[in-house]
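# Summary of structural features
Listed below are the residues making up each chain.
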Amino acid sequence: MASLPWNNELAAALTERKAAGRYRCPRIRTGQQGVNIIIDGRDMVSFCSNDYLGLAANSEISQAFIAAAEHEGVGSGAAHLLTGHSRFHQELELAIAEFTGQQRALLFSTGYMANLAVIDGLLDRGDTVIQDKLNHASLLDGGRISAAEQQRYLHADMTALERRLAASDSARKLIVSDGVFSMDGDIAPLPEMMDLAKQYQAGVFIDDAHGFGVLGEQGQGTITHYQLEHKPILMATFGKAFGTAGAFVAADEEVIETLIQQARSYIYTTAQPAAVAAATLTSLKLVQQQSWRREKLASLIKQFRAGAQQLGLDLMPSNTPIQPIVIGDDKQAVALGQTLEQQGLLVGVIRPPTVPAGTARLRITLSASHSEQQVNQLLSALDVAHVH
Ligand SMILES: *Cc1c(COP(=O)(O)O)cnc(C)c1O
C-alpha cells in the first residue's frame, strides 16, 4: 500500500472537488487522432483538440517519423549535451531559425520545459518578470521557480503593464505574454508591448503555442502577423498546429547560448527522440507550403462566428481557432458539455483554476479538418442546448 499518513485528507479534498463540479479525468481515445475520434468506444466529432491544421495524423509526417525511427531507433539515449543531439535535431533548429527570422533556435522536449528554461535561465535575483495575468500555467510556473521577482498585470492591459514597468527599479525586466491566449483566443497587443519595452529597456518573451502555424502568411505566428521589425524572444510548440511534439525557443545568439549553458530543463533531461524532430521537419514543410489549411481554417472560423452571432451566443473577441463561450458557473458548463456529448460532439469544458473563478467556459477549437457541415452541426446543438 503506497498510502500517505494524510490519505483521509486527500480523499476529503477529492470528494469536495467532485461536489464543486471541478473533478477531471482522462478518457480513452482509440484509433487515429483527428476531428472524427473514438472516445471511450464512441464515435465523436471533436472540437477540443489543438490540431488546428489537421496535421496530427498526417501520413507524410508519420512516414518521416517511421523512417527516422527505423534508421536511428526511438530512444535518443541521452541529453542534448551528451549524445542525444542527432542530425535531425540540428537540421530542425536551423530550419526553425530561418523560418522565424531569428538568429538561433533551440529545441526542448516540451513547451512547458521551454518556458521554465527561458524565465529561470535568463533571470536572477534582483530581476523582475512581468506577466499577463492570463498567461499559460507553464509561464507562471517559470516565474515561480525563478529567483526573480514576479509581477502580473491585468490581461492585455498596456496601461497596467506600463505602471509595472515604471514602478520597477530592477535593472533587468522581462515582459512575458502568450501570443494567442490559450483559453480566450485573443491576440496579445505586441506592437504596443514592444514600444513599452523599448521605452523602459525591458526584454520581451512571447509564448506562441497557439499562433505558430496558424497566423502569418506561412504560419510563422503572431510576430509575423504584426510584421514586427524588432522581434521578441519566441517560444512555440510543435504539439499544436504542427501536429508533432516538443518545442523551441528562438532568439539572438547570446540568449540561446545562455540557455544551453544555464537552463536546467534543457540540460537535465533526455533529448526528444530524433524521429520526432524528423517528423517536425516534414511538418514544417507542410505548414509553409499548404496555405490552404490556414485558408480553410479562417473560413470555418468566420462561419462559426457568423452562425453563433445569429444565435445570440456570447462570443469572445477572437479571430483565432480558439472560440470560447463563457458560461460562468462550473456545474452549468459541465452539464452543457454533457448535453453536447450526448449528440456526439466534444468540446472542452474549462473550469478554474485553468480560468478565473466564475468564467467556466466551453472552449471550442476549430481545425482545418472540420467540414462546414460539422460546424453547422455544432451550431445547431449549441442552439438546442440553450447555451445563451
Ligand atoms: C500547450 C502550451 C504550452 C505547453 O506546451 P507543451 O509542449 O504541451 O508542454 C505552453 N504554453 C501554451 C500557451 C500552451 O498552450
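Residues numbered from 1 in each chain as written. Predicted model: local features only at pLDDT ≥ 70, side-chain atom pairs only at ≥ 80, totals over all residues. Heavy atoms only, no water.

### Some details on the packing of aromatic side chains
Applying the stated criterion to the full structure yields 7 aromatic pairs. Seen from their ring centres, Phe 108 and Tyr 266 are 5.8 Å apart, and the 70° between their planes marks the pair as edge-to-face. Here Tyr 266 lies in helix 11 (residues 264-267) and Phe 108 lies in strand 4 (residues 104-108), a separation of 158 residues in the sequence. Classification of Phe 108 by relative accessible area gives buried; the value is 2%. Judged by its relative accessible area of 6%, Tyr 266 falls in the buried class. Each member of the aromatic cluster is reached from another via a ring pair, and the members are Phe 99, Phe 212, Phe 238, Phe 242 and Phe 248. The ring of Tyr 23 has Lys 18 sitting right over it, with the charged end atom 4.6 Å from the ring centre. The side chain of Arg 87 reaches across the aromatic face of Phe 88, ending 4.2 Å from its centre. (Phe/Tyr/Trp six-rings, centres within 6.5 Å; stacked < 30°, edge-to-face > 60°. Helix = DSSP H or I, 4+ residues; strand = E, 2+ residues; numbered from the N terminus. Buried < 20%, exposed > 50% of the residue type's maximum accessible area, 1.4 Å probe, protein only. Lys NZ or Arg CZ within 6 Å of the ring centre and 35° of its normal.)

### Some details on the sheet that holds strand 11 (residues 322-328)
The 6 strands lie next to each other as 1-2-3-12-13-11, forming an open sheet whose pairing is mixed. At either end of the open sheet lies a strand with only one pairing partner, and these are strand 1 (29-30) and strand 11. As paired strands, strand 12 (residues 345-350) and strand 13 (residues 360-365) are joined by 3 bridges and run antiparallel to one another. Its bridge partner lying in strand 13, Ile 350 is registered against Arg 361. Sitting on the sheet, helix 15 (residues 372-384) is in contact with strand 2 (36-39), strand 3 (42-47), strand 11, strand 12 and strand 13, with an inclination near 90° to strand 3. (Pairing = 2+ DSSP bridges. Contact = heavy atoms within 4.5 Å. Axes fitted to C-alpha atoms, helices over the stretch in contact; angles between N-to-C directions.)

### Brief notes about the domain arrangement of the chain
Partitioning the chain into domains gives domain 1 (21-53 + 291-384) and domain 2 (59-289). Centre-to-centre, using C-alpha coordinates, domain 1 lies 26 Å away from domain 2. Contacts between the two partners involve 21 residues from domain 1, matched on the other side by 21 residues from domain 2. The contact between domain 1 and domain 2 buries some 1500 Å² in all, and 59% of this surface belongs to carbon and sulfur atoms. The largest contributions to the domain 1 side of the interface with domain 2 come from Leu 53, Arg 294 and Thr 320, which together make up 32% of the buried area. Counting the contacts that link domain 1 with domain 2 gives 1 salt bridge. As a salt-bridge pair, Arg 361 and Asp 184 come within 3.0 Å of each other at their nearest N and O atoms. (Domains from an automatic or database assignment. Buried area = accessible area lost by both parts, 1.4 Å probe. Salt bridge = Lys/Arg side-chain N within 4 Å of Asp/Glu carboxyl O.)

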